[in-house]
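# Examination of the molecular architecture
What follows is each chain in one-letter form.
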Protein chains: 2
Amino acid sequence: MNQPKRYLDIVLDIRKMISQENIRPGDRIPSERELAETLNVGRSTIREALRSLELLGLIETRRGEGTFLSDHRNHRLVEVLSTFILQDDQSQKDVWETRMIHEISAILTVCGDAVSSQLPVWSGFSKRINERDFFPREDFVKEIMVLSGNRLSLKIWLLLAQYSGNPYKGHILLEETEMLENILAAIRRQDAEKAASGLKIWIAWLQKETGKDDDDS
Amino acid sequence: MNQPKRYLDIVLDIRKMISQENIRPGDRIPSERELAETLNVGRSTIREALRSLELLGLIETRRGEGTFLSDHRNHRLVEVLSTFILQDDQSQKDVWETRMIHEISAILTVCGDAVSSQLPVWSGFSKRINERDFFPREDFVKEIMVLSGNRLSLKIWLLLAQYSGNPYKGHILLEETEMLENILAAIRRQDAEKAASGLKIWIAWLQKETGKDDDDS
DNA sequence: TTTTGAAAGTGGTCTGACCACTCATAGTCC
DNA sequence: GGACTATGAGTGGTCAGACCACTTTCAAAA
């Protein structure tokens, strides 16, 4: 049997050290030379472990300064997942559906949360929609995703929104403000069902619209 | 500005090489020394890139034999990420919630699909649940995910299900068969609401159960 | 006081050297 | 001839030492 890889132990050692020394995101972790001496391994072995963690986005290295623990919430989970998930010919329909899964779920969550449904953001939204034409559609949905509070879901959504078939290109037109107002009103009175159906209606309308007309800024 | 990291280029070079040379999972990729010479970098740099790819589960190294393209199923990724990420309560909650988002959405889809709700798989399910004790909980949910027909959603779910906090460990006990039967019955009569709520009830029950009792095979 | 620059410390890279292991093969023994 | 053994080439695993490029610090010079 192959003996366990050294650098994997190092990964765990570093992990343990971080928790023991109470190193928080943004803090500096010991230098490579220090770690090598402390853990009794060569510097190259330390580096192999660190490079792996860096690729995952768990740490950040700055030449001349040191190695820093990055915010765990900014982990590259989604990016990494995407290399596994989206590399093969994933049908566009699945991407579309999955994005909607997250959107619907988010809007339901927002409706169930009395606080977020009353956030001042929304009043600003209504004003801006009525006054200006250059309000990006994507920002509207993104706001819902953010308010849902699930950062992982938000990241997945952002990733999916980059793929083809994203209906939220361009900015909000006058003709669609009514639909959006309905959605916002439903959210404010915490009417989850109406909010979700309103979102679906808007998306369906967008799908038709972008199919025949393509307006870019 | 820091110049871009060398080993990151190497990662891309290797990926390019893999696709150009049409290397398939299980095949051997050039040795570290070969790669170092070909790409005009030191062997240590090559190793840093390879170690990163290995941690991601993209390649597999066997001392004395070589480095092989992996079937990218054995993500070390999940273990490593989870030890770093999931100490954060919010992140763990996000993973949990996001997994449920996909589950609920899947069960709603399955209920809306007359065909999949009548698939023979389900009758077999009921029998097996009643006859045997060793029916893995995860398989039950997985079946729903598969039947939903969204392969992307399925993949995301599979990955999320590997993280800690997964309630579907172990096998189905006699006491929970009733809950599952209810879910199946709801699916058969395409009662989406009941099916979804049934699933939620089961998950809540599991959460309590695995909290106090831990049964392993 | 301000500016300069030298030194220390850091990550980035390369080299060369071992070690442990696998495998193919030439060689040996029966 | 067939089975076993030893050897060597090739591989990944690890280490030590040496530079380089960069950042920060701080004492010396203006």
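Residues numbered from 1 in each chain as written. Chains lettered and ligands numbered in written order. Predicted model: local features only at pLDDT ≥ 70, side-chain atom pairs only at ≥ 80, totals over all residues. Heavy atoms only, no water.

## Side note on helix α9 (residues 177–188) of chain B
All names here are of chain B. Here is the rule we go by: Runs of H or I in DSSP of at least four residues are treated as helices and runs of E of at least two as strands, each being numbered from the N terminus. Take the residue count of a helix, subtract one, and multiply by 1.5 Å to get its expected span. Type-normalised accessible area, obtained with a 1.4 Å probe on protein chains alone, sets the label of each residue: buried when under 20%, exposed when over 50%, and partly exposed for intermediate values.
Across its 12 residues, α9 extends 16 Å between first and last C-alpha, which sits within 8% of the 16 Å expected from 1.5 Å per residue. Among the residues of α9, T177, M179, L180, I183, L184, A186 and I187 are the ones counted as buried. Immediately beyond the C-terminal end of α9, within one or two residues, lies Q190, with a positive phi of roughly 55°.

## Looking at the pairing of strand β2 (residues 59–62) of chain B
One face of the sheet, then the other: side chains in a regular strand alternate in exactly this way. Residues and elements named next belong to chain B. Applicable threshold: Note on pairing: two strands pair once DSSP finds at least 2 bridges between them.
Side chains of β2 alternate between two faces, with I59 and T61 buried and E60 and R62 left unburied. Looking at chain direction, β2 and strand β3 (residues 66–69) are connected through four bridges and run antiparallel. When the sheet's bridge partners are listed, T61 is paired in β3 with T67.

## Considering the pattern of salt bridges
Residues and elements named next belong to chain A. So the rule is basically this: Every case where a carboxyl oxygen of Asp or Glu lies within 4 Å of a side-chain nitrogen of Lys or Arg is listed as a salt bridge.
This structure, assessed with the given rule, holds 24 salt bridges over all chains. Where R51 meets E54, a salt bridge forms, and the shortest distance between an N and an O atom there is 3.0 Å. Here E54 and R51 lie together in helix α3 (residues 43–55), a separation of three residues that amounts to about one turn. A relative accessible area of 3% places R51 in the buried class. Accessibility expressed as a relative area gives 10% for E54, which makes it buried.

## Quick word on the sheet that holds strand β1 (residues 28–29) of chain B
Strands in a sheet are paired, the pairing made by backbone hydrogen bonds, and the direction either parallel or antiparallel. All names here are of chain B. Applicable threshold: Contacts are residue-level and defined by heavy atoms, with any inter-residue pair within 4.5 Å sufficient. Each axis is a line fitted through C-alpha atoms, and for a helix only the stretch in contact is used; angles between axes span 0 to 180 degrees, taken between their N-to-C directions.
Strand order in the open sheet formed by three strands is β1-β3-β2, and the pairing between neighbours is antiparallel. Strands at the two margins of the open sheet, each flanked by one partner only, are β1 and β2. With two bridges joining them, β1 and β3 adopt antiparallel strand pairing. Pairing of I29 across the sheet is with T67, part of β3. The sheet strands contacting helix α3 (residues 43–55) are β1 and β2, and the helix crosses β2 at an angle near 115°.

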